[in-house]
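Structural overview
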Amino acid sequence: MKLRSASLAILAVPLAASAHADGVVQKLITPADKARLEKYGETRKAALAEARKGDPAEVKELDAILARPLVPFSDKPLTGTWKCRTIKAGGDFGALVIYGWFKCKVSDDGSGWMLEKLTGSQRTKGRFYDDDAKRAIYLGSFFVEGDPVPRYGSGPKTDQVGYAFRTGTDAWRIEFPAPYYESNLDIIEFKR
């Protein structure tokens, strides 16, 4: 793997609970991450085309995840403990890799939902911002287990941006276009 440890400060940006894509998030998002979201559609299409050349059983599993209809985030809060797994589509790591399940937690500190991946060597911590009824923007930081959590905006090796989609009362995912490491599209799937 081509991961490097980073020593950085704690993510601590106070944010509005109902931040919209044209509000707080636009003031916080880095130019590089804004560009990644602007190319989300084409990045996703190319990554999924490459992923579909992978193991047929994993392709079938990926297609089932992506086929789930989107539902509003307002149905139920995301707070609590979740099982989460990472899916890597396209890129240096191969056509498609679906990892096993780890533990994630979503909390609400009064400023909105905050995600933290609690287990596994590759971690993320960040916040969600409303984009529309069925999509949110995630701004977070990548870090390796045991390292300090970097502040969002620390640079391209640790900054993460993605779109979050709810697919049921107890299921949702985040899609990260053009992550810095290993793949062309990362998807973190969540379920209770």
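Counting restarts for each chain: residues are numbered from 1 in the order of the written sequence. The model is predicted, so local features are restricted to residues of pLDDT at least 70 and side-chain atom pairs to those at 80 or more, both for listing and for counting; the totals for chains, interfaces and linings are taken over all residues. To get the side-chain values, take all heavy atoms of the structure and skip hydrogens and water.

1. As for the packing of aromatic side chains
Pairing of aromatic side chains requires ring centres within 6.5 Å, counting the rings of Phe and Tyr and the six-membered ring of Trp. Pairs whose planes differ by under 30 degrees are stacked, by over 60 edge-to-face, and all others tilted. Counting across every chain of the model gives 10 aromatic pairs. When the centroid spacing of 5.8 Å and the interplanar angle of 90° are considered together, the rings of Tyr138 and Phe176 count as edge-to-face. Linking Tyr138 in strand β6 (residues 135–144) with Phe176 in strand β8 (residues 171–177), this pair joins segments that are 38 residues apart in sequence. On the numbers, 5.2 Å between centres and 45° between planes, the contact of Phe142 with Tyr181 is tilted. You can see Phe142 sitting in strand β6 and its partner Tyr181 sitting in the loop between β8 and β9 (185–191), a full 39 residues away along the chain. The pair formed by Phe142 and Tyr181 is uniform in burial state, with each residue classed as buried. Starting at the N terminus, helices and strands are each numbered in turn, a helix being any DSSP run of H or I of at least four residues and a strand any DSSP run of E of at least two. A simple rule labels every residue: compare its accessible area, found with a 1.4 Å probe on the protein chains alone, to the largest value its type can have, and call it buried under 20%, exposed over 50%, or partly exposed in between.

2. Details of the state of the cysteines
Pairs of cysteine sulfur atoms within 2.5 Å are identified as disulfides in what follows. Going through the model one piece at a time under the given rule, you end up with 1 disulfide. Residue pairing for Cys84: its cysteine sulfur links by disulfide to Cys104, the two sulfurs lying 2.1 Å apart. Torsion about the S-S bond of the Cys84 and Cys104 cystine: about 80°, corresponding to right-handed handedness. Of this pair, Cys84 sits in strand β1 (residues 80–89) while Cys104 sits in strand β3 (residues 102–108); the two residues are 20 residues apart in sequence, bridging distant segments of the chain. Neither residue differs from the other here; Cys84 and Cys104 are each classed as buried.

3. Description of the nonpolar core
Core analysis: the biggest nonpolar cluster contains 16 residues, and Leu115, Phe128, Trp172, Ile174 and Phe190 have the highest contact counts within it. Elements supplying a minimum of two residues to this core: β1, β3, β6, β8 and β9. Between two residues, a contact is recorded if the distance between any of their heavy atoms is within 4.5 Å. Phe190 has contacts with Trp82, Lys83, Cys84, Cys104, Leu115, Asp170, Ala171, Trp172, Arg173 and Ile174, leaving out every residue within four places of it along the chain. Among the nonpolar cores identified, the runner-up in size contains 13 residues, and Leu48, Leu66, Ala89 and Leu96 belong to it. The nonpolar core is taken to be a set of buried Ala, Val, Leu, Ile, Met, Phe, Trp, Tyr and Cys residues, with the residues joined through side-chain atoms within 4.5 Å.

4. A closer look at the environment of Phe176
Residue class for Phe176 comes out buried when judged on its relative accessible area of 4%. Those residues in contact with Phe176, other than ones at most four positions away along the chain, are Tyr138, Gln160, Val161, Gly162, Asn184, Leu185, Asp186 and Ile188.

5. With respect to the pattern of salt bridges
Here a salt bridge means any side-chain nitrogen of Lys or Arg lying within 4 Å of a carboxyl oxygen belonging to Asp or Glu. Tallied over the entire structure, the rule returns 13 salt bridges. Note that Glu61 is salt-bridged to Arg85, the shortest N-O span being 2.7 Å. You can see Glu61 sitting in helix α4 (residues 56–67) and its partner Arg85 sitting in strand β1, a full 24 residues away along the chain. Judged by relative accessible area, which is 8%, Arg85 ranks as buried. Between Arg123 and Glu145 there is a salt bridge, and its shortest N-O distance comes to 3.4 Å.

6. Observations regarding the environment of Thr79
As for its position among the elements, Thr79 is in the loop between α4 and β1. Between the C-alpha atoms of Thr79 and Met114, which are 35 residues apart in sequence, the distance is 8.6 Å. Residues in contact with Thr79, not counting those within four places in the same chain, are Val106, Ser107, Asp108, Trp113 and Arg192.

Coordinates in, geometry out; function isn't part of it.
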